[in-house]
Structures are given as structure tokens and as C-alpha cells.
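# Structural description and commentary
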Amino acid sequence: MQLYQALKAYQALTELMDQELDYKSAYSLVSLKQKMKPHIDFFLNEEMKLVQTYGRKNEEGMVEWDGNGQFQFQDADTATLYNAKHKELEGLKVTPEIEPVIIKAPAKIRAAIIEAVDGLINFEEEC
């Protein structure tokens, strides 16, 4: 699984956790999310290193952030380098030690969530 896919799966798990589920399904989601978290933490740490390297700095040497939590690049070349490094980071292979879980299918779910958790969750439909 690429790190980008792990990020999408983590986001989808977070969305699924907002729904009211039976205990077994909820517990399974929490366990999956905890097993994915080290990969997400790794991504966030590495992404922040990229921001520190390629972000425009103020007089004190700190990255300048705007009111929306966005940073600016020093110049167009720096933006190109950042984007290339970020793409490399997203493409890293990760191997979360996860056995797929079976949970009850929610009454409604977005297709993007199903796609993001494919291989991690098998949805059980009630008959």
C-alpha cells in the first residue's frame, strides 16, 4: 500500500467512526485506525520537514503561515522541488500489519469510503 492510500484509508476510518455502529464494528474500526496511525504520524512528520525545508521563512527563520494554515514557497523552483518531494513521500510503500475486519455495512456510505478501505474492511450486509 502506498502512503497516500494509507492516508485516504485513515480519513475514511475517521469518517466511519462518526456513525453509530454496533460494538464489534466500532471496536474493529478503532483497532484499524490505531494500527494505521504510525504511518500517518510518519507522513505528517516528513511533510513538516518538507515545509521547513521549502517554505518561505521570516526574519527569525520560522516558516510563514497565513491565516488558513497555508505556507508560501520562497520561489517557483522551490515549489517545484517541494511538490516532487511530496509526491515521492506519498508514493512510499508501507506495510501496515493489518488483517481485514468484517463490520456491518452502514445504511448509507459514500463510494469513496468503500474504495479507501478496500482490503482493510469487508462490509457485511444484513439479510
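Attention in this report is confined to the structure presented alongside it. (Residues numbered from 1 in each chain as written. Predicted model: local features only at pLDDT ≥ 70, side-chain atom pairs only at ≥ 80, totals over all residues. Heavy atoms only, no water.)

### As for the overall build of the protein chain
- Helix and strand counts for the protein chain come out as four helices and two strands.
- Listing each helix as α and each strand as β along the protein chain from the N terminus yields α-α-α-β-α-β.
- In summary, the protein chain has a C-alpha radius of gyration of 18 Å against a globular reference of 14 Å for 127 residues, an excess of more than 25%.
- Buried residues in the protein chain amount to 31% of all 127 residues.
- The long-range fraction of contacts in the protein chain, counting pairs at least 24 apart against all pairs at least 6 apart in sequence, stands at 55%.
- When the accessible surface of the protein chain is summed, it comes to about 8,800 Å², and 50% of that surface belongs to carbon and sulfur atoms.
- One way to put it: in the protein chain the 14 positive side-chain charges average out to a point 2 Å from where the 22 negative ones average out. (Helix = DSSP H or I, 4+ residues; strand = E, 2+ residues; numbered from the N terminus. Rg over C-alpha atoms; globule rule 2.2 N^0.38 Å. Buried < 20%, exposed > 50% of the residue type's maximum accessible area, 1.4 Å probe, protein only. Contact = heavy atoms within 4.5 Å. Areas by Shrake-Rupley, 256 points an atom, 1.4 Å probe, with all protein chains shown as cover. Lys, Arg positive; Asp, Glu negative; His and termini not counted. Charge placed at Lys NZ, Arg CZ, Asp CG, Glu CD.)

### Comments concerning the layout of surface pockets
- Each pocket or cavity is described by its volume, and for the largest pocket that value is around 230 Å³.
- Lining the largest pocket are 14 residues, and of these Lys-8, Ala-9, Ala-112, Glu-115 and Ala-116 lie nearest its centre.
- A per-element tally of the lining of the largest pocket places helix H1 (residues 3-17) first, with seven residues.
- The class makeup of the residues in the lining of the largest pocket is seven nonpolar, two polar and five charged.
- Empty space within the second largest pocket amounts to approximately 180 Å³.
- Taken together, Tyr-4, Leu-7, Lys-8, Tyr-10, Gln-11, Ile-40, Phe-43, Leu-44, Glu-47 and Glu-90 form the lining of the second largest pocket.
- At the level of secondary structure, the elements contributing two or more residues to the lining of the second largest pocket comprise H1 and helix H2 (23-54).
- With five residues, the single largest contributor to the lining of the second largest pocket is H1.
- In terms of residue class, the lining of the second largest pocket is built from six nonpolar, one polar and three charged. (1 Å grid on protein atoms, 1.4 Å probe; cavity = no way out; pocket = protein on both sides within 12 Å on 5 of 7 lines; lining within 4 Å. Points joined across faces, edges and corners; volume = space filled by probe spheres on them. Nonpolar A, V, L, I, M, F, W, Y, C, P; charged D, E, K, R; others polar.)

### Digging into the nonpolar core
- In this structure, Leu-13, Leu-32, Met-36 and Ile-121 are the most contacted members of the largest nonpolar core, which totals 29 residues.
- Not counting chain neighbours up to four residues away, the residues in contact with Leu-13 comprise Leu-29, Leu-32, Lys-33, Met-36, Val-117 and Ile-121. (Core = buried A, V, L, I, M, F, W, Y, C linked by side-chain atoms within 4.5 Å.)

### Here's the deal with helix H3 (residues 76-91)
- Counted at 1.5 Å a residue, the expected span for H3 with its 16 residues is 22 Å, and the 23 Å between its end C-alpha atoms agrees.
- Among the residues of H3, those classed as buried are Thr-78, Ala-79, Tyr-82, His-86 and Leu-89. Axial view of H3: buried residues confined to an arc of 95°, hence all on one face. Exposed and oriented more than 90 degrees from the buried face of H3 are Ala-76, Asp-77, Thr-80, Lys-87 and Glu-88. (Expected span 1.5 Å × (residues − 1). Arc of directions from axis to C-beta.)

### Concerning the packing of H2 against H3
- The contact between H2 and H3 brings their axes to 10 Å, and the two run at 165°. One way to sum up the angle between H2 and H3 is to call them roughly antiparallel. Crossing hand, H2 versus H3: right-handed. Judged by residue contacts, Phe-42, Phe-43, Glu-46, Glu-47, Leu-50, Val-51 and Tyr-54 of H2 engage Thr-78, Leu-81, Tyr-82, Lys-85, His-86, Leu-89 and Glu-90 from H3.
- Taken together, the residues of the contact of H2 with H3 break down into eight nonpolar, two polar and four charged. (Axes fitted to C-alpha atoms, helices over the stretch in contact; angles between N-to-C directions. Parallel < 35°, antiparallel > 145°, perpendicular 65-115°, else oblique. Left-handed = near helix turned anticlockwise from the far one by under 90°.)

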